[in-house]
Every structure is written in C-alpha cells, then in structure tokens.
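# Observations on the three-dimensional arrangement
As a plain string of letters, each chain reads:
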There are 2 protein chains.
Amino acid sequence: MEISTGAIFEQGNQSIKIPVPVYIRTSASVAGTKEGKGPFGDCFDMVGTDDKFGCDTWEEAESTLQKEALSLAIGKSGLNQKDIKYLFAGDLLGQSIASSFGLGSFQIPLVGMYGACSTCGLTLSMAAVMIAGGMAEHAACVTSSHFASAEKEFRFPLGYGNQRPLSATWTVTGSGAFILSSVKSAHDRAMIDGLTLGRIVDYGLKDSMNMGACMAPAACDTIYHHLMDFDRMPSDYDKIITGDLGSVGQKALWDMMRDKGMDISKVHMDCGMEIYDQSQDAHAGGSGCGCSAVVLSAYILRQLEEGKWKRVLFVPTGALLSKTSFNEGQSIPGIAHGVELVGLK
Amino acid sequence: MEISTGAIFEQGNQSIKIPVPVYIRTSASVAGTKEGKGPFGDCFDMVGTDDKFGCDTWEEAESTLQKEALSLAIGKSGLNQKDIKYLFAGDLLGQSIASSFGLGSFQIPLVGMYGACSTCGLTLSMAAVMIAGGMAEHAACVTSSHFASAEKEFRFPLGYGNQRPLSATWTVTGSGAFILSSVKSAHDRAMIDGLTLGRIVDYGLKDSMNMGACMAPAACDTIYHHLMDFDRMPSDYDKIITGDLGSVGQKALWDMMRDKGMDISKVHMDCGMEIYDQSQDAHAGGSGCGCSAVVLSAYILRQLEEGKWKRVLFVPTGALLSKTSFNEGQSIPGIAHGVELVGLK
C-alpha cells in the first residue's frame, strides 16, 4: 500500500509551477573590460579597468568578480549578510574553484552547483524551490566566468595565440548575483513563476569551437517541454531568452523548434548575441556562466522592472564537456534549464 | 512594508527541519575491486572484477559506476524511470563528467551539484528539500568517485608511481544511488529528518596529501551548528558519521569538538576509516564522493533498517581544491553537509 504524504503542487513532466511568490529582490553584475565596451556597458553595476581585477591569477580574478557581485547584490537588498540563509553558486572551472575561493568570506552555507554555462538557471531554480518550499526566507545565487580562466581550462593557454573559427564564442568575463526572497519588498525586480529543469541532450557533436550547435538541441528540448508542460505558445512570452547559443546555435534552435511546429524567431533573444557588438570580433557571440548572468541582471530584469516585458522564459544553456572528455574523443552533451520570470508591474 | 508570504518551517541558522516525511526508498552501491575485498565487500550490490568496468578510460569506468548504481536503485524501487522527476548528481572530476556521461541515457532532468567529497550530502539535501516542498514526488541522487580518475584529476598519473605519505587517503572506486520519495512504500530504508548545509571553512592548510586535516574544521563547524540548531547533544545520535576524514582528520575533529565542549568520540564513525582494513595499505583511509555514498547505501542504511540505530547524523566532507588552485599555492578549504537520518523501526 502506498500512502501519499506531501502536498504535490501542479507540475508537468519536467516543470514546476512555483506555488508561492518568490521574488528576485535585487541583483548585481560585474563585468570585464571587453564587456564594458559592449552594448550593455552602461548597464553593469561595475566594470573592471583591468581583467585581473587586481589579482595575481585569472582564477583569483574570477573569484573577485563573484565576491564583488554578491556584495553589491546584498548591499542593495537592505538585508544583512546573515539574513541570507543559503548561497547557491557555481562556475565553469574544474572543481568550481572560482566559487570556493570567492565566497568563503561570506560565511553563508553553500550549495555548490554545476551545469556548465546553464548554472545561473540551476542556481535560481534550486533557490526558488527552497524558498517556495518554505525552507528559507532569503537566498543568494552567484555565477561567473572569465575569458582567460576559461580558455586555460577548456582550450589553450592565451600565450599560444590559437586562432578561433567564426563558430567559436568568446567567454564572458563577468559575474551576476541575485537575492531571492519570499518576502515582498520595495526593491523587487521580478518574480520566478515556473521552472523547467533540463535533461542531458547529446546529438554526438564534438566540436568545442562550435558550442552553439552542441547546446541548441538541449535548448530546444527544454523550451519545447516548458511550453508543453504549461500548455503555452511562444507568443505567450515577451521573450524566450537563451544563454549563449550564439548566431550558429540560434539558427539551429529556430530550425529544430520549427520541426516541432513552433516558430520562436519573433520572440527569441540570445544573451551571447547581445553582449558584444559586431565590431568586437567575438565571432558567434559571448558564452560562459557569466554571460547569461550579467545580461539577466543588467538588461532582462530591467525590462521586466520597467514593465516593457511581462513574461520571459530565461534558458541558460550549458555544454557538458571537460578538457579530459574532449581529449578522450567524447561528444559534447548539452543541457538547458528554463526559469520563467514575470514582471511585477 | 514587508509582507511575509511563504510559510516558514522551523529552522535554525544553517539547518532545516524537514517538514513532511521524505523517505529513502531504495539505494544501491557499486564498488571496485579493492573495496570489494574490504570489510563491506559482501554488502555492496555489485563489485567490479576489473576497475575499468569494461571501458576504455577511467572516466568512462566512473560513468559506468553511476549508471549501474542508478539502474539498480531504480530497479529495486518498484518505480519506472519516468516516475523519477529529477536527478541530483555530481562527482569529483572537472566539469563533473562522470555524471554528464553516465546519466544522459536515463533522460531524467539533471540538477548538477558540486561539493567535492561532500556531494552525496548535497544531493540528498536538495532532493529532500524539493520533495518536502511538494515539488517532486520521487527524485534520485547519485555520486561517484574512482581511484584512477581522481589520481589523474588531482595528483599524478598512476604510471608515475608517486609515493604517498601516511596521512594520504585512497580515493574509493564506487558509486551510490538513492531513490527519495514522499510516498511511503514497503521498501523504505530510512527517513531524512533534518539538514545542516555547511559553510566553506578554510584554516589555510595546503597539504593535498593530508585532506583529513583540511576537512576536519568544516566537519566540526557543521556538526556543531547542527547540534546547536536542533538543541541536541552528541549522545542523541546513535552515530555521527563523517565522510572521509580518515584517521588524521578524525583526531583533529575530536579535538576541535572537545574545544567546543563536546565529546563525540563515543558516537563518531568515519566512512573512510571503515571501508578498508589495515592490511589494504590505504594509509589514513578511503576518500572520495563514492566513499560516503557506498557506505551509506551498503552499511549505514542497513543499520537503520534493522533498527540497530535509530538516529544518525551523516556528514560527508569535501575538500574544495583543484589541481589549478593547488598549483597556484592556494589553501584547501573544506565543506561538510549534514543529513539527519532516522530509522523507521
């Protein structure tokens, strides 16, 4: 005999309708020099004058990005550090060292997460789940990436001067931090209304210089299931925003969605395609955990806040490779996590 | 004006009292050859005859461990794969590739987590939070480690034949998988009753051949806060079980707890100290994500199931280093996540 005990809220196959309001109270974005010269340059809370951010190594610089972003987000929130019950964080580096060395001084219990460049969506999702479940009042989410630490981690040392094909993306130097809360405040930027956690999708592609194509099937899978689970159409969203597919991945995503009978071209935006302008030689666009995180903080939440957009599906996309898996000839599976955001106006 | 909306359950500073029953319905453990010859050899569900598990690389072998463990745990549960709403998983390898390549075929949405060797505690915690919050009925947790992939990832290639000091631990080849559920069944092995998520604790130690000492302060911090948050004494537990402190770390933990006025020596057990016997030349003990996971599945849950133990605090411990942070001269911060388990007899 099976006895159901917990109250189960409305849920689709892969999705969760968040049952009580979870607010994104405040957020902050810290970005590097190249990002500062891009279209969102004026929107970031802080732009470095030097991509080492005063540190000795690229990894320490990335840790500093996280530290600054979280400090700023907490500072704006009107909360004390000790009011933040848990911290959800992750980055692209092996063993997530940007987070481990960036966030220790906050002395907030840490839930470490890894979803490659989809990590921002993962941290927002699990913090929202915890808050919606009544198990924390306030939580913080932080993710980062750094061009130089990522090149070293995944590809070649910078000094090698490797050439990059046009399908390659440029890892964003930046960190975004978000304070989530069940408590309504005067600051609130948006609400998290639904989640669609993604599956690993592997089409067998192996080109780490074309990550957009590797991740597009995962983005398609998550967006499609989100729409099915909530019985909606693309037009029910002001924007469906992927993390870092870039121009090559965008085309693949549109085609795959069309094959499923859905045209998202009118509402689709990709953070990676917006963060640099054509003159910045970033090829297919920006990428990295920091890409979707800083664009969410600096641009997307502002549109929701100002009432320009009402409902947005934010879908950071991740490529689940490592240099070991790449060197061993493995494919590059993708994953994408969808977070539905609604404005408060 | 601030309006509280979500119902907040009883909570201490770092802890959560799980508000509705979350059952560990079934679990499975898959272990390597050395572990199979150790004291728990007969308790594992599967022991490999060859540590490559029929694969070409150590990383693929580790992925296979996860795949087998999860298949076994689902098989025992009486559930279909599609009943498992989410998968919480992680491992020690850079970018968690053991999980990414081991779990894709299950087609279950994946919450990737990283807490070094504490990851088993992290996955159980977040799955319990999601289920307790009513946002999933069934979820699965998987973690793994492999001696050979870990040596390559963190230390030296095996062929180098590096000598190991007596303070070093031996990374366990193994994977543990757990099916958590809000629905009571005839199989249930134990219940998750409380959580104490840990903070990053950094005493500035830098010796990667003495990880026990690096992690002991974090274990102390989490155990101490757990006891304070729930207003309990060590004697309220049949066992307080750390993950992989080994003999050096155990001594440090006991001393630090005594400094806080608490003697845990009578109830303390360390999975790493139990998984090999003295003749196996593992030095300070076993370690790795897989260590606490297989001991939990094969031994701890059995004691709870049989009513020999009623209440246990399970505290997997993690060392937050990477080879990059180590080579750059950084310290080795620790983290530990506490999961309170109660028997159903």
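We now examine unusual backbone geometry. The backbone phi angle of Gln 95 of chain A is positive, close to 60 degrees, even though this residue is not glycine. Looking at the secondary structure, you find Gln 95 of chain A in the loop between β4 (86-91) and α3 (97-103). Positioned with a positive phi, His 283 of chain B is a non-glycine residue whose angle comes to about 65 degrees. Mapped onto the elements of the fold, His 283 of chain B is located in the loop between α8 (271-274) and β13 (286-287).

Here the focus is the domain arrangement of chain A. Residues and elements named next belong to chain A. Per the domain assignment, the segments making up chain A are domain 1 (17-181) and domain 2 (190-342). Using C-alpha coordinates to define each centre, domain 1 is positioned 18 Å away from domain 2. On the domain 2 side, the residues contacting the 51 residues of domain 1 number 56 residues. Contributions of two or more residues to the side of domain 1 that touches domain 2 are made by β2 (15-31), α1 (33-36), α4 (119-132), β6 (138-145), α5 (147-154), β7 (170-171) and β8 (174-181). For the side of domain 1 that touches domain 2, the element with the highest residue contribution is β2, accounting for 10 residues.

Another aspect to go through is the relation of the copies chain A and chain B. Relating one copy of the chain to the other takes a rotation about an axis and a shift parallel to that axis. Rotating chain A by 180 degrees and translating it 0.0 Å along the rotation axis places it on chain B, where the RMSD comes to 0.0 Å. Interpreted geometrically, this transformation is the action of a two-fold axis. Looking at the interface residues of chain A, 100% of them are also at the interface in chain B, so both copies use one shared face.

The next subject is the interface of chain A and chain B. Listed by partner, the interface residues are 64 residues for chain A and 64 residues for chain B. Among the secondary structure elements, those contributing two or more residues to the side of chain A that touches chain B are β1 (3-4), β2, β4, α3, β5 (110-112), α4, β9 (183-184) and α10 (323-327) of chain A. No other element matches α4 of chain A, which puts 6 residues into the side of chain A that touches chain B. Counted by class, the side of chain A that touches chain B contains 33 nonpolar, 24 polar and 7 charged residues.

This brings us to the packing of helix α6 (residues 211-229) of chain A against helix α7 (residues 246-259) of chain A. Residue and element names in this part refer to chain A. At a closest axis distance of 8 Å, the pairing of α6 and α7 adopts a crossing angle of 40 degrees. The angle between α6 and α7 falls in the class oblique. Between α6 and α7 lies a crossing whose hand is right-handed. The segment α6 lies against α7, with Gly 212, Ala 213, Met 215, Ala 216, Pro 217, Ala 219, Cys 220 and Ile 223 engaging Gly 246, Val 248, Gly 249, Ala 252, Leu 253, Met 256 and Met 257. A class-by-class count of the residues in the contact of α6 with α7 yields 12 nonpolar, 3 polar and no charged.

When pLDDT is low, close inspection of the predicted coordinates is not appropriate. All names here are of chain A. Mean pLDDT for chain A: 95, with 97% of residues reaching 70 or above. Counting contacts from residues 1-11, a segment whose pLDDT is below 50, to residues more than four positions away or on other chains yields 26 contacts. In the model output, the complex is listed with pTM 0.96 alongside ipTM 0.95.

Residue and element names in this part refer to chain B. Here helix α6 (residues 211-229) spans 27 Å end to end across 19 residues, near enough to the 27 Å set by a 1.5 Å rise per residue. Its maximal kink placed at Pro 217, α6 deviates by approximately 25 degrees. Most of α6 sits out of view: 17 of its 19 residues are buried. Positioned one or two residues after α6, Asp 231 has a phi angle of 55 degrees, which is positive.

Before going further, it helps to spend a moment on the environment of Val 22 of chain B. Residues and elements named next belong to chain B. Looking at where Val 22 falls in the secondary structure, it is placed in strand β2 (residues 15-31). Distance from Val 22 to Ala 190, taken between C-alpha atoms, is 8.7 Å for residues 168 residues apart in sequence. Each residue touching Val 22, except ones within four places of it in the same chain, is listed here: Ala 128, Ile 131, Ala 132, Leu 180, Ser 182, Met 191 and Ile 192.

Residue and element names in this part refer to chain B. Most of strand β8 (residues 174-181) is tucked away, with 8 of its 8 residues classed as buried. Burial along β8 is two-sided: the face carrying Gly 174, Gly 176, Phe 178 and Leu 180 and the face carrying Ser 175, Ala 177, Ile 179 and Ser 181 are both buried. In the sheet, strand β6 (residues 138-145) pairs with β8 via 8 bridges, with the strands oriented antiparallel. The residue bridging Ser 145 from the neighbouring strand is Gly 174, located in β8.

All names here are of chain A. Here Tyr 23 lies in strand β2. Owing to 23 C-beta atoms within 10 Å, Tyr 23 belongs among the buried residues under this scheme. In this structure the C-alpha to C-alpha distance between Tyr 23 and Ala 89, which are 66 residues apart in sequence, comes to 18 Å. With residues up to four places along the chain from it excluded, the contact list for Tyr 23 reads Leu 180, Ser 181, Lys 184, Asp 188 and Met 191.

Once that is clear, we can look at helix α2 (residues 58-77) of chain A. For an α-helix the count is 3.6 residues per turn, leaving residues at separations of three or four pointing the same way. Residues and elements named next belong to chain A. In this model, α2 (20 residues) spans 29 Å end to end at C-alpha, consistent with the 28 Å of a helix rising 1.5 Å per residue. Across the 20 residues of α2, 17 count as buried, placing the element largely inside the fold. At the exit of α2 stands Gly 78, carrying a positive phi of roughly 75 degrees.

Examined against the element boundaries, Phe 230 of chain B turns out to sit in the loop between α6 and β11 (239-242). With 94 residues separating them along the chain, Phe 230 of chain B and Thr 324 of chain B place their C-alpha atoms 38 Å apart.

Rules behind the numbers
Residue positions within a chain follow its written sequence, with the count starting from 1. Lettering of chains starts at A and numbering of ligands starts at 1, both following the order in which they are written. Local features in this predicted model are restricted to residues whose pLDDT is 70 or higher, and side-chain atom pairs enter the listing and the counts only when it is 80 or higher, whereas totals over whole chains, interfaces and linings include all residues. Counting from the N terminus, the helices are the DSSP runs of H or I reaching at least four residues and the strands are the DSSP runs of E reaching at least two. All the domain ranges listed were derived from an automatic or database domain assignment. We call two residues in contact when their backbone-placed C-beta atoms lie within 7 Å. Least-squares superposition aligns the copies on the C-alpha atoms of those residues with pLDDT at or above 70 in both. Lys, Arg, Asp and Glu make up the charged group, whereas Ala, Val, Leu, Ile, Met, Phe, Trp, Tyr, Cys and Pro make up the nonpolar group; the residues left over, Gly among them, are polar. Inter-axis angles, ranging from 0 to 180 degrees, are taken between N-to-C directions of lines fitted to C-alpha atoms, where helices are fitted over the stretch in contact. Note on angle classes: values under 35 degrees are labelled roughly parallel, values over 145 roughly antiparallel, values of 65 to 115 roughly perpendicular, and the remainder oblique. Crossing chirality is assigned from the near helix's rotation relative to the far helix, an anticlockwise turn below a right angle marking it left-handed and a clockwise turn marking it right-handed. Within a predicted model, pLDDT stands for the predictor's per-residue confidence, ranging from 0 to 100. Expected span of a helix: the number of residues minus one, times 1.5 Å. Two axes are fitted around each residue, one to the seven residues ending there and one to the seven starting there, and the angle between them is reported as the bend at that residue. Any residue surrounded by 20 or more other C-beta atoms within 10 Å of its C-beta is treated as buried, while 12 or fewer makes it exposed and the intermediate range makes it partly exposed; C-beta atoms here are placed from the backbone. When DSSP finds two or more bridges between a pair of strands, those strands are recorded as paired.

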